[in-house]
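Architecture and fold: a report
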Amino acid sequence: MTYTRKLIKVFLGIILYALGVVVTFEARIGFSPWEVFHAGLANVLHLQIGTVSIAVGLILLLITTLCGEKTGIATILNIVFIGLFVNIILGTKIIPTADSVPVSIIQMTIGLFIMVFATYLYISAGLGAGARDGFMVLIYRKTGIKVGIVRSLIEVTVTILGALMGGLFGWGTIIAAVFLGIA
């Protein structure tokens, strides 16, 4: 696969991931763990959620890079453009807010499927993973604790912190954590 095709694949994955995030937001039954954190921090700092996502990603990138983890161009593109596209999509209000529990469940499910497919796209290009995944790998390498446990501990921590700051936690958060954890 040519480098240009890989970059196209990465950008398509990034755009779709941002779309999936917004679709799950508008389900209003709970955000995925990292989005609970981003939303809570955005609430406290009075910033857009995508802007907070970018800042958190850059901090995690700095930590992982200083600790010797490898990053790729897709890591940086992921950090900047997912947050940017989340802000743009939310700003356009093209994704409707769910108005009933069945619609919320359908919307959450669709959003999660979009996020999983998008993750496959940008990771399969082989140009680097997201900063949050890099951070998880760093903790695994430094502690030797199983990756699944590290991921769970990180996601529980960011969910609790985010919820304490006003991020939307709900049963959709649990569904997202399980669904995205399995995928």
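Right, let's walk through the structure included here. Since the structure is predicted, the reported quantities are computational estimates derived from the model, not experimental observations.

Per the secondary structure count, the protein includes eight helices and zero strands. Ordered by position from the N terminus, the helices and strands of the protein form the series α-α-α-α-α-α-α-α. Against the globule reference of 16 Å for 183 residues, the protein gives a C-alpha radius of gyration of 16 Å, in line with a compact fold. Each of the three principal axes of the protein carries a C-alpha extent, and together these read 45 × 35 × 30 Å. A burial count over the protein gives 45% of its 183 residues as buried. Nonlocal contacts in the protein, meaning residues at least 24 apart in sequence, comprise 79% of its contacts between residues at least 6 apart. Carbon and sulfur atoms form 73% of the exposed surface of the protein, whose accessible area is close to 9300 Å². Here the protein holds 11 positive side-chain charges and 6 negative ones, and the gap between their average locations is 11 Å.

Inspection of the entire model under this criterion finds three salt bridges. Of the charged contacts in the structure, one is a salt bridge between Glu26 and Arg28, with a shortest N-O distance of 3.6 Å.

On to the packing of helix H2 (residues 33-45) against helix H3 (residues 49-66). Packed helices, taken two at a time, are described by the angle their axes make and the gap between the axes. Direction vectors running N to C along H2 and H3 enclose 110°, while the axes themselves pass 8 Å from each other. As judged from the angle between their axes, H2 and H3 are roughly perpendicular. Here H2 runs over H3; the crossing is right-handed. When H2 is examined against H3, the residues Trp34, Glu35, Phe37, His38, Ala39, Leu41 and Ala42 are found in contact with a partner set consisting of Ile49, Val52, Ser53, Val56 and Leu60. Its residues placed into classes, the contact of H2 with H3 shows nine nonpolar, two polar and one charged.

This part is about a nonpolar patch on the surface. Nonpolar side chains collect at one region of the surface, where Val101, Ile105, Trp171 and Ile175 lie side by side and expose about 360 Å² of accessible area between them. Where the nonpolar patch is concerned, the elements lending two or more residues are helix H5 (101-124) and helix H8 (171-182). By the secondary structure assignment, Ile105 is in helix H5. Residue class for Ile105 comes out partly exposed when judged on its relative accessible area of 38%.

Structurally, the position occupied by Lys142 is in helix H6 (residues 131-143). For Lys142 and Cys67, which are 75 residues apart along the polypeptide, the C-alpha to C-alpha distance reads 9.3 Å.

The next point concerns the environment of Asn87. One can find Asn87 in helix H4 (residues 73-92). Remark: the alpha-carbon pair of Asn87 and Ile49, spanning 38 residues in sequence, is separated by 6.9 Å. Here Asn87 is in contact with Gln48, Ile49, Gly50 and Thr51, once residues within four sequence places are set aside. A polar side-chain atom of Asn87 sits 3.3 Å from a polar atom in the side chain of Gln48.

Along the chain, the position of Ala18 falls in helix H1 (residues 3-25). For Ala18, a relative accessible area of 0% puts it in the buried group. Sequence spacing of Ala18 and Phe81 is 63 residues, and the spatial spacing of their C-alpha atoms is 8.4 Å.

Before going further, it helps to spend a moment on unusual backbone geometry. Positive phi outside glycine occurs at His46, with the angle close to 60°. Inspection of the secondary structure puts His46 in the loop between H2 and H3. The phi dihedral of Lys93 is positive, around 60°, even though this residue is not glycine. Note on placement: Lys93 falls in the loop between H4 and H5.

Conventions we followed
- Residue positions are counted from 1 within each chain, in the order its sequence is given.
- Per-residue local features are limited, in this predicted model, to residues with pLDDT of at least 70; the limit for side-chain atom pairs, both in listing and counting, is 80 or more; totals at the level of whole chains, interfaces and linings are taken over all residues.
- With hydrogens and water stripped out, all remaining heavy atoms of the structure feed into the side-chain values.
- Helix and strand labels come from DSSP, where a helix needs a run of H or I of at least four residues and a strand needs a run of E of at least two; each type is numbered from the N terminus.
- When we talk radius of gyration, it's over C-alpha atoms, and the globule rule is simply 2.2 Å times the number of residues to the 0.38.
- Relative accessibility thresholds used throughout: buried, under 20% of the residue-type maximum; exposed, over 50%; partly exposed, between the two (1.4 Å probe, protein chains only).
- Pairs of residues are marked as contacts when any of their non-hydrogen atoms sit within 4.5 Å.
- In short, Shrake-Rupley with a 1.4 Å probe defines the accessible areas, and a residue's cover is counted only from the protein chains shown.
- Neither His nor the chain ends contribute to the count of charged residues, in which Lys and Arg are positive and Asp and Glu negative.
- Charged side chains are reduced to one point each, which is NZ for Lys, CZ for Arg, CG for Asp and CD for Glu.
- Salt bridges are counted wherever a side-chain nitrogen of Lys or Arg sits within 4 Å of a carboxyl oxygen of Asp or Glu.
- Angles here are taken between N-to-C directions and fall from 0 to 180 degrees, while the axes themselves are lines fitted to C-alpha atoms, restricted in helices to the stretch in contact.
- Working rule for angles: under 35 degrees goes down as roughly parallel, over 145 as roughly antiparallel, 65 to 115 as roughly perpendicular, anything else as oblique.
- A crossing counts as left-handed when the near helix is turned anticlockwise from the far one by less than a right angle, and as right-handed when that turn is clockwise.
- Ten residues, namely Ala, Val, Leu, Ile, Met, Phe, Trp, Tyr, Cys and Pro, are considered nonpolar, four, namely Asp, Glu, Lys and Arg, are considered charged, and the remaining ones, Gly among them, are considered polar.
- For patch building, the residue pool is restricted to those with more than 30% relative accessible area and no salt bridge; the joining distance is 9 Å between like charges and 5 Å between nonpolar side chains (Val, Leu, Ile, Met, Phe, Trp, Tyr).
- For the purposes of these results, a polar contact is taken to be a pair of N or O atoms within 3.5 Å, where, inside protein, one atom must be able to donate a hydrogen and its partner to accept one; residues adjacent in sequence count only when each atom of the pair is a side-chain atom.

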